[in-house]
Each structure stands twice: as C-alpha cells, then as structure tokens.
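# Remarks on the overall topology
Listed below are the residues making up each chain.
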Amino acid sequence: MNSDAGGTQNLAFDSTVGIQAEVVHNPTVNLVHPDATPQEKYRVGVRFLEQGVPSRARDLMSDAIAHGYDNPEVRFHWALAMLSGRSYHDLSAEETGRLRHASGLVRGYPAGEWTEALVVAFELLTTRGSDNDDTDRVRERLHSLPIPRRDALLHHFDLVLTGALKDSLWADSRRSAEASRFAGDRRERVWAYFDPEPIGARATAPRPSAAAEGRAALPLRAALSLLAFAVLWLLALTAAPAAALFELLLALGAGWAAAKFGRSWWYEEYRLKTKKENEPYVPSSPELVFREDGFTDSVRHSFDDYFGARVPQGVAPQQWLDQTFRRRHILASETAALYRESRVGVERIIWLINYLAEDTRARYVRGELFDQPARARTPAGTKALCVGALAVLAVTALALVRTAAHGGVAATFFALLAVAGTFWAGRSAVFSWLKATGEERRLVEETDEYLRELATRQGAFLNYKGFLDEQRPSEREMETWLACDKTLFVDEVLRHYQLTWRDLITHTLLVTPARPYMRGRVKGGPWRYSRYSFRLFLVTQDGIREVSTDLDFADGKRGGEQRSNYRFDALSSVQVTERDRAGYDLELILTNGPARNIRVKDADTHQLAPEEDAREMTEINLNAAGFIHTFRLLEGIAAEGKGWIDRNNPNDLPPFPAD
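Quick look at the structure, then. (Residues numbered from 1 in each chain as written. Predicted model: local features only at pLDDT ≥ 70, side-chain atom pairs only at ≥ 80, totals over all residues. Heavy atoms only, no water.)

## Quick notes on unusual backbone geometry
For the peptide bond that leads from Arg515 to Pro516, omega is -10 degrees, which places it in the cis range. Positionally, Pro516 belongs in the loop between strand E2 (506-513) and strand E3 (517-522). With phi around 55 degrees, Gln498 is a residue other than glycine that occupies positive phi space. Turning to its location among the elements, Gln498 is positioned in the loop between helix H19 (475-497) and E2. Gln498 gets classed as exposed once you look at its relative accessible area, which sits at 71%. (Helix = DSSP H or I, 4+ residues; strand = E, 2+ residues; numbered from the N terminus. Buried < 20%, exposed > 50% of the residue type's maximum accessible area, 1.4 Å probe, protein only.)

Structure (structure tokens):
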C-alpha cells in the first residue's frame, strides 16, 4: 500500500499466498449501549441494513418496535431487513405471520412519504403474476418514490421479486448498478479498506545515563590528585618560593585551558565511539546480509522497496540503493527492534518506512545526508589549543620537579613520586569528570533528539492516519459496490443464456472469497475481500444452470468464468462441513460427475472483540455470502427434485394485502 502513485504496493495477487492480510476496523457508530433507547436501536439497525448485515438489523428494529417505537419509516426498513437476501421459503411461519400483521397496519398510518413507500413494498410482495394493470400500477408507484427508497426496495427484495414485474424493473436495476459501480473513486480507494490500522509512532529512547558511576569515583580520585599536586608544589615552594608561585599559576592556567578546549573534543570522540558500539552490525555489502526472523526480514525488504521507490532526481536507482545501504540497514534494525511484538505485522508500520525513505531523500536533496560527521568535527584550532595546554601543563610539572630538586636528593625523590601520583590520580579524576559530564550531556542531547524524532514521526503518523481515514470506503460504499457487481454479473449471465426473469423459477448467488485475497471488516460486520468468487444458480423448468467467476474487487474485473448445466435429479446431495481451523465447505454431489467442494467461509483467525459473539459473527458472515439461502435451495432440490420447486413456487404463496 502507498498513497504515492509511483510507490510500492503490498499486493501479492500472483503469489500462492492464501490469506495475505486481514484487518478489523473499530468504528463506534454500530455499538449499541445496553441502555440505548428504541430510537437509537432503530438508527443503528438502519446502518446495519445499509452495510449488508440484515440479521442484526432485524433484531434491533424488532426490539425497537417491541418497545413502542413504531411508525411507517420504521416498518419500511423493518420489512427490508426481513426480506433482504431471503426468499419466501427462507421465512419461518412466525416471520411470515409478522409480515402479514405488518401489512394490515398500513391502513392505520397517516398518509405520508414513508407510508407510501411501505404500501409499495407490500404491493411488490403481492404482485407476482404476468403483465396486467396491477403490475403497471405498482411499477408506476415504485417509480414515483424517491430514488434512495426505490433502489433500496429493488436491492433488498431481489429474491422475492419475480416474473413480469422483475423483468420490467430489471433495466432500472442494471442502469443503477452501472452508474454506482465505480462511484466515489472506488478504484483509488478500495485498497484503504484492507490496509491494516497503522500502529502509532515510536522512536528509539535514550540510553540510561552512566553519569552516576563517574561521579561516584570522582571525589576520591580528585582528592588524591590534589593531594599529590599539593605535595609537589609545597616541595617546590620550600626550595624556591617565587619560582614555585609562578609555576603554580602557569599550571592552573594550562589545566583550565586543557579542560576548556579538550572537553568538547573528548565528548565528540566519546559520542562517536558510543554510537558505533550501539549501532547494529552492518555488513560490508548487501550480499552479506544474513537471514533473520520473519518480521525483521519483512521490514528490511520493505525498506529496500520504499527506498527504491524514493530515488532523488538525477541519481540512478542502483546508485541510490548502494549509497544508502548502511542507513537502510541501521533503520531497518532499529524499526524491527521498536515494533517486534505479538500481532504487529510489517503492514502496520509501512507508513513509518515510507516516511523514513522520504526523509532520507529530502536530507540528500538538502545536502545533509552524508556530511554530518564533517560538520560535527571539532575545529583544528580547538584541538591545537588543547594539545598546547597539555604540553604546557607537562612542562610546568617538570619545572616544579626541577624547582623542588633544589631542596636536595630527598626532595627530588618525593617530587618525582608526587608527579607520578598527580598524573595517575589526575588522569583518573579527569576521565571520571569527563564521563559524568559527558553522560549528562549525552542524555540531554539524546532526549532532545528522541523528542524531536518522536514528534516528527507522530506528525507523519497523524498525516497518514488522516489520509487513510479519508480514503477508506465506508461499509455502505463497500456494500453498494458489491451489490452493483452482483447485479451486473447476473445481468450478463441472463443475457448469455437469453433468459428473462419470467423464465426463472428462482435463483441464488453464492459469494465466497477467492484466494489469494486480503480481507477486512468492521467490528460486528461481515468479512469483505479483495477478491471474490461469484457462483450463480439459475433454476428453470429445464434444470439448473450454474455459472461461476472470480472478481477483483478493486477494479471490478472478472475472469475465470465456468459454466455447467444439470437436471434436477442430477443433484444427489448437498453437504456442509464445518472445521474450526479451516471454515465452512459446501459440497455438491452430482450423479454424473465429481463432487464439488466450495469454500464458503474461512476460519476467523483474528480474535473476536469482547462484545462479539462467535456464533453470531459466523451467522452474519454466512448470510453475507448468501449461504443460508443457497444451501436451503440446493438441499431442497437434492431431496425432492422438481417437486420442491413446485411446492415452494412464490407465485402460490398467500398475498400480503396492503391498502
């Protein structure tokens, strides 16, 4: 994935990967609080209906109605939810009775646009015959409804509209599907639905300070050094007071100058040394990079891909990769260390890898990428002053020994011991002081650097998160696009076989994942896939026509179409196999051919949220696939043959009268 048109995309449609990636979004719009009012439950139910989860919509709307929230608008959406993705024979006797009861309530509602929509809904259920005046009247009333309500009726009543009425409305459904199929920049936005939620910004925290260790040893070493120097100076002072006083002042001045000019020099060397010690091992060439754990390897490959896509103008791609090899390796190792934890895949930090690649290119363009060591180097003048001060200090120490030597052999001996003690203890004290102050300075610098880097990464994260949220299609858009794909596929099959809706007894469309795919969902919603397999069963008087095809959901292209025809008595049995770790398989057994195994649903490998019920989520996904209706239809045909079709003919069902 990448927002840059010229960037890398994390796709593997030509590979043998089964499930490449999955993501669960966490919106709050469909959460129902236990104390929610009937109105709130109804509104959430409408959203579930629009998002292709009619089973949840039915439950919420029925609950709202049971608690007194009942009006034509509520009943209209409730009727849509009752029949969405279902045919008449999918309804229980209790549900059929509730629909009849609802149809009798229409006459008691005041006239209005929602009452009119509800009347049309029940008239559509009543009108199932051939062309006649009633069919024309219902068609005219349907066309007089606002477009959103008309389209909702055509979509959700798909399996109950038959015969001449559906023939007359099908052209409208097809035109609506063609107009809405790629609306809302579908091709440019679908990727964002399957892109995992990015994990937040992190940066390498500063290492703990070791200043306490240096400070602990400093007092004793400094005291010993001062004591030894005091002995040396006193010996010199006893022998020649004037010379000793001059040499003392010179030693103090040289020591101060050495500390002043040498401190920054030492700190720079210390920082370079500690950085090198804490950097990950960098091989001399890409060929020497050894394989590591899967996550680290994935991070490293992603850095290579994104750096290869972010090449500065005027630089050859291979030259850029060679120049940035060391930086890529270090960044990849640091990133892998920051995010190596359970359930964090590389897809969730692609935003960071992309940002670091773009930041590296920007630094190169500004001339700040490869000259940092030169800019940090201590000036030669400062080094010269430090070396000169140390030389003066050494000469002054020898001068003090020479001055003390005027006091005799014993004074000379003790002066030499004092010089040695001053050098040994002074050197240890200086290094303890430098380490303590250096560690304090390092901690301050690394903390500032950490905060700056974290802030810039946080900004990059928020920018990407905002872009992703803006690009990610809503559940309603995803459901609308899929419904349009279904409609146009069915229309193409009907045209191929030169069939009209009045030629069909019934039909069913099974929608399953096509491997390899990416999948995503919102909490409480069905899985949606980057690739689908459509399998359409058309039932006519002559038998069953089965047509299947694969769909790339991003661009709506279909391929791999297969067709087969068989008589009712050729379908000998239908079986469903449930495997906890695999999913649901539908097996069709024909008398004159091999069994057909259809993977209806993969296992939910992602852990369910605490508020989600595993059984309910399975039902939602199976309903979204059209499995329930398909299984009942094929199971009935396998058991009873053509007699099942005659017995369940929707034209023979009692009407739902509406005034």
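## Regarding the packing of aromatic side chains
Summed over all chains, the structure comprises 16 aromatic pairs. For the pair Phe76 and Trp114, a centre-to-centre distance of 5.7 Å together with 55 degrees between the ring planes defines the contact as tilted. Of this pair, Phe76 sits in helix H3 (residues 72-83) while Trp114 sits in helix H5 (residues 113-126); the two residues are 38 residues apart in sequence, bridging distant segments of the chain. Residue classification places Phe76 among the buried residues on the basis of a relative accessible area of 1%. Ring centres of Phe489 and Phe534 lie 5.7 Å apart, and the angle between their planes is 45 degrees; this geometry places the pair in the tilted category. Here the residue Phe489 occupies a position in helix H19, and Phe534 occupies one in strand E5 (residues 531-540), the gap between them amounting to 45 residues. Under the relative-accessibility criterion, Phe534 is labelled buried at 0%. We note Arg519 situated over the ring of Trp527; from NZ or CZ to the ring centre the distance is 4.0 Å. (Phe/Tyr/Trp six-rings, centres within 6.5 Å; stacked < 30°, edge-to-face > 60°. Lys NZ or Arg CZ within 6 Å of the ring centre and 35° of its normal.)

## Focus: the side chain of Thr115
Relative to the helices and strands, Thr115 resides in helix H5. Overall, the relative accessible area of 9% leaves Thr115 in the buried class. Apart from the residues within four sequence positions on either side, Thr115 is in contact with Pro72, Val106, Tyr109 and Pro110. (Contact = heavy atoms within 4.5 Å.)

## Here we look at the pairing of strand E6 (residues 543-552)
For E6, the tally of buried residues reaches eight of ten residues, placing the bulk of the element in the interior. Here E5 folds back onto E6, and the loop between the two strands holds two residues. Linking E6 back to strand E7 (residues 557-566) in an antiparallel pair, the connection comprises four residues, with Gly556 at a positive phi of about 75 degrees. (Pairing = 2+ DSSP bridges.)

## A closer look at the pairing of E2
Along E2, eight of the eight residues are buried, which leaves the element largely enclosed by surrounding structure. Burial along E2 is two-sided: Thr506, Thr508, Leu510 and Thr512 and His507, Leu509, Val511 and Pro513, pointing in opposite directions, are all buried.

## Some words on a nonpolar patch on the surface
Taken together, the side chains of Leu220, Leu224, Phe423 and Trp424 define a hydrophobic patch exposed on the protein surface, amounting to about 500 Å² of accessible area. Note that Leu220 resides in helix H10 (residues 211-239). The exposure class of Leu220 is exposed, given its relative accessible area of 58%. (Patch = residues over 30% accessible without salt bridge, like charges linked within 9 Å, V, L, I, M, F, W, Y side chains within 5 Å. Areas by Shrake-Rupley, 256 points an atom, 1.4 Å probe, with all protein chains shown as cover. Salt bridge = Lys/Arg side-chain N within 4 Å of Asp/Glu carboxyl O.)

The values are spatial; any link to function lies outside them.
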